[in-house]
Amino acid sequence: MFTHTPLRLTTLALLAAGSLSYAYAAGFFGLEILAEIATLAILVIALDLVAGFGGMVSLCHGALLGVGAYVFTVAANDAGLTALPAMVLAVVLSSALAFAIGAVCARSTGIYFIMATLAFGQMAYSYVFQSPLFGGDDGLSGAPRPDLTAIGIDLTDSRAFAVYAILLVAFAYLVAARTLRSGLGRSLVGLHHNEKRLRALGLTVWRAKASAFAISGALAALAGCLAAQHTQYVSPGLLSWTVSGEALVVVILGGLGTLTGPIVGAILFVVLKHEISAITPYWHAIVGIILITVVMSRAKGVFGFIESRWDDRGAKTVAKEAEADA
Amino acid sequence: MTADLGFWVLQTLNALQLSMLLFLLSVGLTVIFGLMHFVNLAHGSLYAFGAYVAATLAGTFGYWGGLLVAPLAVAALGAVLYLTLIRSQRRAGPMAQVLITFGLIFVAVDATRLVWGDLPIGIAVPAILDSQIALLGVEYPAYRLFIIALGLCVLAALTLILTRTQIGAMIRAGVDNDQMAACLGINVERMFFLVFVVGCALAGLAGAVAAPVLSVTPDMGLQILIPTLIVIVIGGLGSLKGAVAGSLIFGFVQTFGAVLLPTLSSVLIYALLAAVLVTRPQGLLPAKG
Amino acid sequence: MKSALKAALAGLVTSTAMLSAAWAEDIKVGLLLPYSGVYASLGQDIDDAFALGLETFGADSGATFEVVREDDEVKPPVGLAKTKKLILQDEVDVMVGVVSSGVLGAIRDTVDGAGVPLIVANAGNDEATGEACSPYITRISFSNSQVNRPMGQWLVDQGVKKVFTIAPDYAAGRQMIDAFTAAFTAAGGEVVGQEWPAFQKTQDFGPFLANAKASGADAVYVFFAGGEAISFVKQYDSFGMKAAMPLYGSGFLTSALYVEAQGPAAEGVITALHYVPTLDNPENAAFVEAFKAKTGRIPSEYAVQGYDSARALVEAVKAGATDRTALAAALPKVAFTGPRGELKIDPATNNVVQPIHVYETIAGPGGLTQKVLATLPAEADPVNGCAMPAATN
């Protein structure tokens, strides 16, 4: 059951305050990093929803992000939609695709599920890569940012855009949290624990899985729109399985199944990447070693670790009190 | 063009050669998975390592020297990996395995760049195979025929070992039910180690064999990974027959698709994969069931 | 009294310092190249030669150059972020670089909008000096069509009537071949078939070679670069096709950067490129020697592009430009004789105008080398949709 413990709420509040103040103080490159972190955080929240809580490890989330980004760009450039309706269209289409993938893969578990999502992700990637409609390897440029001048905000300004990105992260988080507390969310967690039991209780398993996947896909598409609006350029590389792999790495680093962990992980990963690549061109190897170490030590990621230590503290206090009473 | 028999013969040979190369790679990976339930995404990186070792040694020991030593070198690396990482993560679940081997891929790519640089390197086909052989009305490169022959020999050898020897029976028992096999007194741990190391050696052999035909670059491991995974998932995890079936299907669909249906070809193989996953999630010829 | 003296002294010192600062112009250069990933070796060649160029010619300009390097990882979003950093945070006066056309496409609007001059040291896509041209973007390297167009007429002149083309299916591949096809058919030739293997997904070209063989063409014309070029040339040779169907192509196929990896398979392949290290002129001799002394390698076309970028920048500075607007106005006007021959920029597109050299790869005393067969005269690219506005002053 997903709850907002005091620790989680405090961490979220700190993150929100910290990121907003950084947005107001930072120089131009810092604002770029913020937008990059925000995009990654939304994607990883989407992944944590199905992988952390539902046990469905997916390697197609990069493709879902990419589909969102491309639909947004094509809708805004060729179909003449303004930014906000284009975003809605991107989210709807990507969500439908995710529903289909979730439904088709619902029967598979474990490694087979991972392979199946990989297959679909690669299919989308191959299609976008070689389709002349999407500009192929050269990508598409000109994705617009939403026009909020009516309420006095100019998103072409980096600082305003960074704040917009942070707000989108908050929105994504709320959607995910709301989903987890709903009936669907509880079914999802139940499926993770014991699928047969829920099937016996009458749940239409494939529909629950597909619906959860659809919401996750919608969030991934939101990340895609943000990515497209940030760089104002999309390329097929967004759909590659290595993007999905990186999202998986981030959710592990941050803390799987905590929903706050993804945000922490995204900040860590982007900062780490920039710091390390400033020192050496071989930063992939360093990230790889960190990843292996984290997984092997069965640590629950940075935030997961913090949470479990915090809980242990609480347990020790209770134990001490019990001793004192005895 | 399509009426020309020579064209079909040529393409069939190309398809067979690609299938044999993928077979060498996939058979190790699929038996490792079938037996140890361990998915090793870094298998492609082992193949790349084999190619680099062969290319480096070919300068001093000639092509055949490189071909002989590369599988041994990769097997040694595999042994080290097994003892340090893999053994402890065997029961950790698919996500942990995917992540660890993903991390290994990162390390491997940068390590390759560090040692051998970013420029692609080449290795020459050995002189006796550097010609064309007239076969069924076409002139086909002798080296590619060598790849086909090598693949078939390895297939024959593995079939023989798995069906006619005691160790083969033990392996098949382990794939079926490793805990029961352990109860029967089979030293399952030693078997896992042996299978893993041999699987790595085969990957190294595939790399050494492929190096003269394709070029040796730091990301060759990543490029071959997806086709290998597709092969074992379509073919069926854990079985030799599955590896053969998957390799042949992939080889033929890819080769003929590329020339007959060029716009669809890249999507085609993934569509096939998806179809198999939906209808027969365990693959076409899995080891169990 | 003392304080007045101190003040006078301080004033004297300050004004002297200001005067000397006014004399030493410091040009800040943002160098955006791939230092990691698939194209790292190209990036390194361009970097080494650019530094060499600044060392060789920089002193003449009277200015000092400060170079800030950033890695674009061949990824458009990364390239864009680093570009913004170079422009907004480091406040560079000029940008140089960009290997990948994808990255160029991503940063074009930013560079144009911010009014920062960019010297393109590689990326060849035709749009950059076509529909997407900008008064701030000057290309000193090449355009995809420029390198292939001359081969159309040249092949017809050699008596080749029917050609089969093969190139990877992506924007650059298509541009290269389309330019050749247009010129070849206009000169009277016939393209009997075309194959477009999937870009970076095809390692085995056997199926396409089989098709080429069955087509009845006199020759095969291809474009490949990097690892794919190595595989293709070796596989072409392994099928024994060179004897009946000579292999021609764009010079990237047998680039000096990796031709050694192809071995004897590359011998006899005739290609066309804007630079080969064996060009016989005094500037090239000096360049090759200096580059070899500095890096131990023979320079490739990527290196000469870096070298000429440095030269172009120095020429612009010598003409008096020191800030962004002045440099943007001066760069399209540079013209000089370099290792490639006579170079100038076409003001209609801001693309370089240069001779194209047709050469055959042959075995030489120290390995494979290039024998220049013909030097085709410099031609400006067609305007291709470029509407060049005047640079805002």
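Below you will find a few notes about this structure. From a predicted model like this one, the values you see are computed outputs, not experimental measurements. (Residues numbered from 1 in each chain as written. Chains lettered and ligands numbered in written order. Predicted model: local features only at pLDDT ≥ 70, side-chain atom pairs only at ≥ 80, totals over all residues. Heavy atoms only, no water.)

**Let's talk about the overall build of chain C**
The criterion, for reference: Here a helix means four or more residues in a row that DSSP labels H or I, a strand means two or more in a row labelled E, and each is numbered from the N terminus. Using C-alpha atoms as the atom set, the radius of gyration is obtained and then compared with a globule rule of 2.2 Å times the number of residues to the power 0.38. Relative accessibility decides the category of a residue: with a 1.4 Å probe and only protein chains considered, values under 20% of the type maximum give buried, values over 50% give exposed, and everything between is partly exposed. Between two residues, a contact is recorded if the distance between any of their heavy atoms is within 4.5 Å. With residues, only the protein chains shown are counted as cover, and all accessible areas are computed by Shrake-Rupley using a 1.4 Å probe. For the purpose of counting charges, residues Lys and Arg are taken to be positive, whereas Asp and Glu are taken to be negative. His and the chain ends are not included. Here the site of a charge means NZ on Lys, CZ on Arg, CG on Asp, or CD on Glu.
Each helix and strand counted, chain C has eleven helices and 15 strands in total. What you see for chain C is a C-alpha radius of gyration of 23 Å, in line with the 21 Å of a compact globule of 393 residues. C-alpha extents for chain C along the principal axes are approximately 100 × 45 × 35 Å. Per-residue burial for chain C yields a buried fraction of 61% across its 393 residues. Contacts in chain C between residues far apart in sequence, at least 24 positions, make up 70% of those at least 6 positions apart. Total accessible area computed for chain C in this model is approximately 13,900 Å², and 56% of it derives from carbon and sulfur atoms. Treating the 28 positive side-chain charges of chain C as one cloud and the 43 negative ones as another, the clouds have centres 4 Å apart.

**Re the overall build of chain B**
Counting its regular elements, chain B contains ten helices and two strands. The C-alpha radius of gyration of chain B comes to 19 Å, within 12% of the 19 Å expected for a compact globule of 289 residues. Projected onto its principal axes, the C-alpha coordinates of chain B cover approximately 60 × 45 × 35 Å. Across chain B, every contact between residues at least 6 apart in sequence was considered, and the portion connecting residues at least 24 apart equals 78%. Of the roughly 10,800 Å² that chain B leaves accessible, carbon and sulfur atoms contribute 72%. Across chain B, the 11 positively charged side chains and the 9 negatively charged ones have centroids separated by 16 Å.

**Quick word on the interface of chain C and chain B**
Accessible area lost upon the coming together of the parts is a frequently used measure of interface size. To keep it simple, the criterion reads: Here the quantity called buried area is the accessible surface, traced with a 1.4 Å probe, that two parts lose on coming together, added over both. Only one rule defines a salt bridge in this text: a Lys or Arg side-chain nitrogen within 4 Å of an Asp or Glu carboxyl oxygen. For the purposes of these results, a polar contact is taken to be a pair of N or O atoms within 3.5 Å, where, inside protein, one atom must be able to donate a hydrogen and its partner to accept one; residues adjacent in sequence count only when each atom of the pair is a side-chain atom. The nonpolar class holds Ala, Val, Leu, Ile, Met, Phe, Trp, Tyr, Cys and Pro. Asp, Glu, Lys and Arg form the charged class, and all remaining residues, Gly among them, are polar.
Taken residue by residue, the interface counts 28 residues in chain C and 33 residues in chain B. Here chain C packs against chain B, burying approximately 2,400 Å² in sum over the two surfaces, 57% of which is carbon and sulfur. Linking chain C with chain B are one salt bridge, by the criterion used here. Residues D204(C) and R144(B) are paired through a salt bridge, measuring 2.9 Å at the closest nitrogen-oxygen approach. Counting the contacts that link chain C with chain B gives eight residue pairs in polar contact (both at pLDDT 80 or more). Those elements that provide at least two residues to the side of chain C that touches chain B are α2 (40-61), α7 (206-214) and α8 (226-238) of chain C. By residue class, the composition of the side of chain C that touches chain B is eleven nonpolar, twelve polar and five charged.

**Some remarks on the sheet that holds strand β10 (residues 270-273) of chain C**
All names here are of chain C. Test applied: Pairing between two strands requires that DSSP report at least two bridges joining them. Each axis is a line fitted through C-alpha atoms, taken for helices only over the stretch in contact, and angles between the N-to-C directions span 0 to 180 degrees.
Spatial ordering of the open sheet is given by β7-β6-β8-β9-β10-β14-β15, a layout of seven strands whose pairing is mixed. The sheet is open, and its two borders are formed by β7 (190-195) and β15 (367-376), each paired with just one other strand. Strand-to-strand twist of the sheet, defined as the mean angle between neighbouring strand axes without regard to direction, takes the value 25°. With three bridges connecting them, strand β9 (residues 247-250) and β10 associate as parallel partners.

**Remarks on the environment of D90(C)**
All names here are of chain C. Along the chain, D90 falls in the loop between α3 (76-89) and β3 (94-97). Judged by relative accessible area, D90 falls into the buried class, the value being 15%. The spacing of D90 and R324 is 234 residues in sequence and 13 Å in space, taken between C-alpha atoms. Apart from the residues lying within four places of it in its own chain, the contact partners of D90 are K28, V68 and K85. At 2.8 Å, the side chain of D90 and the side chain of K85 are in polar contact.

**Overview of the layout of surface pockets**
The condition that has to hold: Detection works on a 1 Å grid of protein atoms alone, calling trapped sets that fit a 1.4 Å probe cavities and calling open sets with protein on both sides within 12 Å along at least five of seven lines pockets, with lining residues defined by an atom within 4 Å of a point. Grid points are joined across faces, edges and corners, and a volume is the space filled by probe spheres set on the points.
The space that makes up the largest pocket amounts to roughly 970 Å³. Lining the largest pocket are 40 residues, with I33(A), L34(A), I37(A), I267(A) and V271(A) sitting closest to its centre. Secondary-structure elements contributing two or more residues to the lining of the largest pocket are α1 (6-25), α2 (28-52), α6 (158-181) and α11 (261-279) of chain A together with β2 (63-71) and α3 of chain C. In the lining of the largest pocket, the residues fall into 26 nonpolar, seven polar and seven charged. Space inside the second largest pocket adds up to approximately 610 Å³. Contributing to the lining of the second largest pocket are 29 residues, with G135(A), D138(A), G139(A), E127(C) and A171(C) lying nearest its centre. Secondary structure elements with two or more residues in the lining of the second largest pocket: α5 (110-130) and β1 (140-141) of chain A together with α4 (101-114) and α6 (171-186) of chain C. With six residues, the single largest contributor to the lining of the second largest pocket is α4(C). Its residues placed into classes, the lining of the second largest pocket shows ten nonpolar, eleven polar and eight charged.

**A few points about the nonpolar core**
Keep this limit in mind: Buried Ala, Val, Leu, Ile, Met, Phe, Trp, Tyr and Cys residues that are joined via side-chain atoms within 4.5 Å together make up what is termed a nonpolar core.
In this structure, I166(C) and F232(C) are the most contacted members of the largest nonpolar core, which totals 318 residues. No other element matches helix α1 (residues 5-36) of chain B, which puts 18 residues into this core. Apart from the residues within four sequence positions on either side, F232(C) is in contact with I166(C), F205(C), L209(C), V222(C), F224(C), L247(C) and L253(C). Of all hydrophobic cores here, the second largest spans 18 residues; its members include L32(C), V68(C), I87(C) and L104(C).

**Re the interface of chain B and chain A**
Listed per partner, the contact involves 41 residues of chain B and 39 residues of chain A. With both sides pooled, the region where chain B packs onto chain A buries about 3,500 Å², and carbon together with sulfur makes up 79% of that total. Its largest share of buried area at the contact with chain A, chain B owes to M95(B), L99(B) and F106(B), together 18% of the area lost on that side. Remark: the boundary between chain B and chain A carries zero salt bridges.

**Things to note about the environment of V295(A)**
Looking at the element boundaries, V295(A) is found in helix α12 (residues 283-296). A residue is classified by how much of its surface remains accessible, and V295(A), at 10% relative accessible area, is buried. Sequence separation of V295(A) and V249(A) is 46 residues, and the distance between their C-alpha atoms is 9.6 Å. Among residues more than four places away in sequence, those in contact with V295(A) are I252(A), A96(B), L99(B) and I100(B).

**Section: the pairing of strand β11 (residues 335-338) of chain C**
Residue and element names in this part refer to chain C. Across the two faces of β11 the burial differs, with F336 and G338 buried and A335 and T337 not buried at all. When β11 meets strand β12 (residues 341-346), the two strands line up antiparallel, connected through four bridges. Directly across from F336, in β12, lies its bridge partner L343. If you look at the hairpin formed by β11 and β12, you'll find two residues sitting between the two strands.

**What about α2(A)?**
Here is the rule we go by: By this rule the span expected of a helix is its residue count minus one, scaled by 1.5 Å.
In a regular helix each residue adds 1.5 Å, so 25 residues correspond to 36 Å; α2(A) covers 34 Å between its end C-alpha atoms and thus fits that length. When you tally the buried positions in α2(A), you get 23 out of 25 residues, the bulk of the element.

**A word on the state of the cysteines**
All names here are of chain C. Selection criterion: Note on disulfides: each one is a pair of cysteine sulfur atoms within 2.5 Å.
On inspection of all chains with the given rule, the structure shows one disulfide over all chains. Disulfide pairing is shown between C133 and C386; the S-S distance is 1.9 Å. Its S-S torsion of about 90° marks the bond between C133 and C386 as right-handed, since a negative value means left-handed. You can see C133 sitting in the loop between β4 (118-120) and β5 (137-139) and its partner C386 sitting in the segment after β15, a full 253 residues away along the chain. Under the relative-accessibility criterion, C133 is labelled buried at 6%.

**Digging into a negative patch on the surface**
All names here are of chain C. Inclusion rule: Grouping into patches uses exposed residues only, defined as over 30% relative accessible area, and leaves out salt-bridged ones; the cut-off is 9 Å for like charges and 5 Å for nonpolar side chains (Val, Leu, Ile, Met, Phe, Trp, Tyr).
Taken together, the side chains of E25, D26, E66 and D323 define an acidic patch exposed on the protein surface. Mapped onto the elements of the fold, E66 is located in strand β2. Residue class for E66 comes out partly exposed when judged on its relative accessible area of 34%.

**Regarding the side chain of Q17(B)**
Turning to its location among the elements, Q17(B) is positioned in helix α1. When sequence neighbours within four positions are dropped, the list of residues in contact with Q17(B) reads Y140(B), R144(B), I147(B), I148(B) and D204(C).

**Focus on the packing of α5(A) against helix α10 (residues 262-279) of chain B**
The following threshold applies: Small angles under 35 degrees read as roughly parallel and large ones over 145 as roughly antiparallel, with 65 to 115 read as roughly perpendicular and the rest as oblique. When the near helix sits turned anticlockwise from the far one by under a right angle, the crossing is termed left-handed; a clockwise turn instead gives a right-handed crossing.
Two numbers describe how α5(A) lies on α10(B): the axes approach to 9 Å, and their chain directions differ by 165°. With respect to each other, α5(A) and α10(B) are oriented roughly antiparallel. Crossing handedness for the pair α5(A) and α10(B): left-handed. Only P262(B), T263(B), S266(B), V267(B), Y270(B), A271(B), L273(B), A274(B) and L277(B) of α10(B) make contact with α5(A), whose side of the interface consists of Y112(A), M115(A), A116(A), A119(A), F120(A), Q122(A), M123(A), S126(A), Y127(A) and Q130(A).

**Some details on unusual backbone geometry**
Within the chain, L259(A) stands out as a residue other than glycine whose phi angle is a positive 65°. By the element assignment, L259(A) lies in the loop between α10 (241-254) and α11. Classification of L259(A) by relative accessible area gives buried; the value is 0%. Backbone geometry at V98(C) places phi at a positive 70°, although glycine is not the residue there. Mapping V98(C) onto the fold places it in the loop between β3 and α4. Looking at V98(C), the relative accessible area reads 0%, which means it is buried.

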